[in-house]
Amino acid sequence: TIEFAALDYTIPQQNQYKYMLEGLDEDWIEASSNRTATYTNLDPGIYTFKVKGSNNDKIWNENPTELKIKVIPPFYKTLWFVILIIVLIILIILAYIRSRTIQLIRVKKILEVKVTKRTNEISQQKEELKSQAENLKKTNEELENQHNKLEGLVRERTADLEIAKNKAEESDRLKSAFLANMSHEIRTPMNAIIGFSNLINDDEIEKDNKQELTILIKKSSNTLLDLIDNIIDISKIESEQLEIKEKNCSVNQIFNDILMDFEDVIQSNDLVSIKVSEEHLFNPLEIISDPYRLPQILKNLISNAIKFTEKGIIEFGYKLDKIKSENQILFFVKDTGIGMSVEQQKQIFSIFTKIEDNKKKIYRGTGLGLTITKSLVELMGGKIWVESELNKGSIFYFTIPYKPIGIETKAKPQIKKPASKFNWNNKTILIAEDEESNFRFLDMIIRKMSAEILWAKTGKQAIDICQSNNKIDLILMDIKMPEMDGLEAIREIRKYKDKIPIIVQSAYSMPEDRNLSLDAGANDFISKPLGTEKLLKIIDKHLSSK
């Protein structure tokens, strides 16, 4: 950009200008009163800028003012730069040719080495082929020997498959026999329950006979319940869903509860008695174990002993001989029954297995009890075995890990009080039960003991009654109720009454349900259907200790 001005100051704004750039413009450019000229992107070279002006009367200066302008070219358009580029290109071409030549020489040497190496390898392969030809002969001889061995293995595997096939067929036969036997075992007690229930309504049946029918109905009901429990347990074991829940356990209390459970069975059979080893009656043992599964194992073994013992003694207890050496408690159940052969002892813990050699007497059962027992013992970390002799009896042994919880103390043996002798005069019992039939049953058996009965049909009502009545001595709580379930009601009651005994009575009978109830704050748990004697003894135990 070039600025210029005429030296006429009469009326300077009316001065006029013309300019041209020789070497670029061919004619003068009218600039009017504009005093600047701008040129861009000029090629390198020498230019002459000319400008002339006029005053306000339009009189022009005929001798223009000149300005020489030299435009210097950029470095990349200079001659020396072009020469430098050409030289560089030539040098690059020469370097590439030299590098390529060196590379070709190196490749040639590598190829020579490879050819030499390959020649040596071919020579070695030739020697190896010769050696392999000799080995092939030996290999053929070995293959012949292997062929003979394979034929022997095929014969052995065929025999194994035949054995497996026979076992599978035997398993199918056992399952079919189990289903047929299961149908029989279910229908037998059901037939007794339905038949005897109809007979009780018959007015011609005498009172003593009705009492006998009631006992038979109760026995059949318990048989049916045990069968259902066994089916549930074996399903859990096979699906690997059965868990062991360890808590503090009193072994002596477990023994006393077992004696109580089998009291009716023994009273009905004068030829068989059950006893605990006397050394354990006054030396209580406190351990950490599953308070539900340990009694179940003992009950299964004792029930099995009762089934196969027509007369004699069934004794159970434990030994502490293995505590120091193996840290194990050894439990045993001994009977004077029919005993077992060596072959029967090998099969006795297999599923669906039953002893049916005696054609003169049929021993009822599903073949699940000892299988469940063995699985429970192994889940608890122990093992089980049997020692037996035909016609002399059997001793079942099982071990569990010894996990003590404290120092043992001397304890007095419990004195059993007949249920009919309980006297709960001035005692108030709250029954939380939504089913009227279940409440009527509990009301009828508890009122005989002179207790006052309160009824709550929901968990919410149970809480309200407890808050408004401070004379309640014990609560019987169902789990499944409308508005609020029993577990939640127990938690709420425990917030302001932490000492009142609460016994859960529910149709939920799994160990998990028992654990949930005790964790919620219950003192005890009994599953439906409720045994009258057992229920009354549990209630009296908590009323007496209150």
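Residues numbered from 1 in each chain as written. Predicted model: local features only at pLDDT ≥ 70, side-chain atom pairs only at ≥ 80, totals over all residues. Heavy atoms only, no water.

**Q** In this structure, what is going on with the pattern of salt bridges? I would like to understand it.
**A** One pass over the full model with this rule turns up 16 salt bridges. Across the pair Lys247 and Asp519 runs a salt bridge whose closest N-O atoms are separated by 3.6 Å. Here Asp519 lies in helix H12 (residues 511-520) and Lys247 lies in strand S7 (residues 247-250), a separation of 272 residues in the sequence. Of the residues examined, Asp519 reaches a relative accessible area of 59% and is grouped as exposed. Here Asp464 and Lys460 are joined by a salt bridge, their closest N and O atoms 3.4 Å apart. With a gap of four residues between them, Asp464 and Lys460 both fall in helix H10 (residues 459-468), about one helical turn apart. It is possible to trace a salt-bridge network through shared partners that takes in Glu22, Lys50 and Glu66. (Salt bridge = Lys/Arg side-chain N within 4 Å of Asp/Glu carboxyl O. Helix = DSSP H or I, 4+ residues; strand = E, 2+ residues; numbered from the N terminus. Buried < 20%, exposed > 50% of the residue type's maximum accessible area, 1.4 Å probe, protein only.)

**Q** Looking at this model, I keep getting lost on the packing of helix H2 (residues 207-238) against helix H8 (residues 369-379). Mind explaining?
**A** One can describe the packing of H2 onto H8 by two numbers: an axis separation of 10 Å at closest approach and a directional angle of 45 degrees. Taken as axis vectors, H2 and H8 run oblique relative to one another. Remark: the crossing between H2 and H8 carries left-handed chirality. Where H2 abuts H8, its residues Asn230, Asp233, Ile234 and Ile237 lie against Thr371, Ile372 and Ser375. Classifying every residue of the contact of H2 with H8 gives three nonpolar, three polar and one charged. (Axes fitted to C-alpha atoms, helices over the stretch in contact; angles between N-to-C directions. Parallel < 35°, antiparallel > 145°, perpendicular 65-115°, else oblique. Left-handed = near helix turned anticlockwise from the far one by under 90°. Contact = heavy atoms within 4.5 Å. Nonpolar A, V, L, I, M, F, W, Y, C, P; charged D, E, K, R; others polar.)

**Q** Looking at this structure, how should I read empty space enclosed by the protein?
**A** Where empty space is left can be seen by rolling a probe of water-molecule size over the atoms. On inspection of all chains with the given rule, the structure shows three cavities of 30 Å³ or more. Within this model, the largest cavity holds a volume of roughly 100 Å³. Lining the largest cavity are 13 residues, with Asn304, Phe308, Asp335, Met340 and Ser394 positioned closest to its centre. Counting residues per element, the ones that place at least two in the lining of the largest cavity are helix H5 (293-307) and strand S13 (393-401). When its residues are assigned to classes, the lining of the largest cavity shows eight nonpolar, four polar and one charged. In this model, the second largest cavity occupies a volume close to 40 Å³. Lining the second largest cavity are Ile244, Glu246, Ile288, Ser289, Asp290, Met380, Ile400 and Pro401. Tallied by class, the residues present in the lining of the second largest cavity amount to five nonpolar, one polar and two charged. (1 Å grid on protein atoms, 1.4 Å probe; cavity = no way out; pocket = protein on both sides within 12 Å on 5 of 7 lines; lining within 4 Å. Points joined across faces, edges and corners; volume = space filled by probe spheres on them.)

**Q** How should the confidence of the model for the protein be read in this particular structure?
**A** Caution applies to low-pLDDT regions: their predicted coordinates should not be interpreted in detail. Overall, the prediction assigns the protein a mean pLDDT of 83, with 88% of residues at 70 or greater. A low-confidence stretch, residues 407-419 (pLDDT under 50), is modelled with 20 contacts involving residues beyond four sequence positions or located in other chains. (pLDDT = per-residue confidence, 0-100.)

**Q** Mind showing me how you'd approach unusual backbone geometry here?
**A** Peptide bonds are, in most cases, trans, and in most cases residues other than glycine have a negative phi. The backbone of Asn426 sits at a positive phi, close to 70 degrees, despite the residue not being glycine. By the secondary structure assignment, Asn426 is in the loop between S13 and strand S14 (428-432). Judged by relative accessible area, Asn426 falls into the exposed class, the value being 69%. With a phi angle near 70 degrees, Ser450 is a residue other than glycine that sits in the positive phi range. Secondary-structure assignment places Ser450 in the loop between helix H9 (436-447) and strand S15 (452-456). The class of Ser450 is partly exposed, set by a relative accessible area of 42%.

**Q** Would you explain the packing of aromatic side chains in this entry?
**A** When we look at a pair of aromatic rings, we describe it by the centre distance and by the angle of the planes. According to the stated counting rule, one finds 16 aromatic pairs in the structure shown. Members of the aromatic cluster, connected to one another through ring pairs, are Phe4, Tyr17, Tyr19, Tyr39 and Phe49. Lys52 extends its terminal NZ or CZ atom over the ring of Trp28, reaching a point 4.6 Å from the ring centre. Stacked on the ring of Trp385, the Lys or Arg Lys383 has its end atom at 5.7 Å from the ring centre. (Phe/Tyr/Trp six-rings, centres within 6.5 Å; stacked < 30°, edge-to-face > 60°. Lys NZ or Arg CZ within 6 Å of the ring centre and 35° of its normal.)

**Q** Please explain the packing of H5 against H8 as it appears in this structure.
**A** Two numbers describe a pair of packed helices, the interaxial angle and the distance between the axes. Put simply, H5 and H8 touch, their axes get as near as 10 Å, and they point 150 degrees apart. For the pair H5 and H8, the sense of crossing is left-handed. Of the residues in H8, those touching H5 at Arg293, Gln296, Ile297, Asn300, Leu301 and Asn304 are Gly369, Leu370, Ile372, Thr373, Leu376 and Val377. The class makeup of the residues in the contact of H5 with H8 is six nonpolar, five polar and one charged.

**Q** What should I look at first to understand the pairing of S13 in this one?
**A** Consecutive side chains along a regular strand alternate between the two faces of the sheet. Burial within S13 is extensive, with eight of its nine residues counted as buried. Note: strand S11 (residues 328-335) against S13, eight bridges, orientation antiparallel. Bridge assignment links Lys334 to a residue of S13, and that residue is Ile395. Direction of pairing for strand S12 (residues 384-389) relative to S13: antiparallel, over a ladder of six bridges. (Pairing = 2+ DSSP bridges.)

**Q** Explain the sheet that holds strand S16 (residues 474-477) to me, please; I cannot follow it from the model alone.
**A** In sheet architecture, strand pairing relies on hydrogen bonds along the backbone and comes in two forms, parallel and antiparallel. The strand order S15-S14-S16-S17-S18 describes an open sheet built from five strands, whose pairing is parallel. Each end of this open sheet is capped by a strand with a single partner; those strands are S15 and strand S18 (524-527). Pairwise comparison of adjacent strand axes, ignoring direction, gives a mean angle of 20 degrees for this sheet. Across five bridges, S14 lies against S15 in parallel orientation.

**Q** Is there a simple way to explain the sheet that holds S12 in this structure?
**A** In space, the five strands of this open sheet follow the order S8-S10-S11-S13-S12, with mixed pairing throughout. Of all strands in the sheet, those with a lone pairing partner are strand S8 (272-276) and S12, marking the two edges. Put simply, the sheet's adjacent strands are angled 15 degrees from each other on average, direction ignored. Here helix H3 (residues 251-261) sits on the sheet and contacts S8, strand S10 (312-319) and S11; the angle it forms with S10, its principal contact strand, is near 165 degrees.

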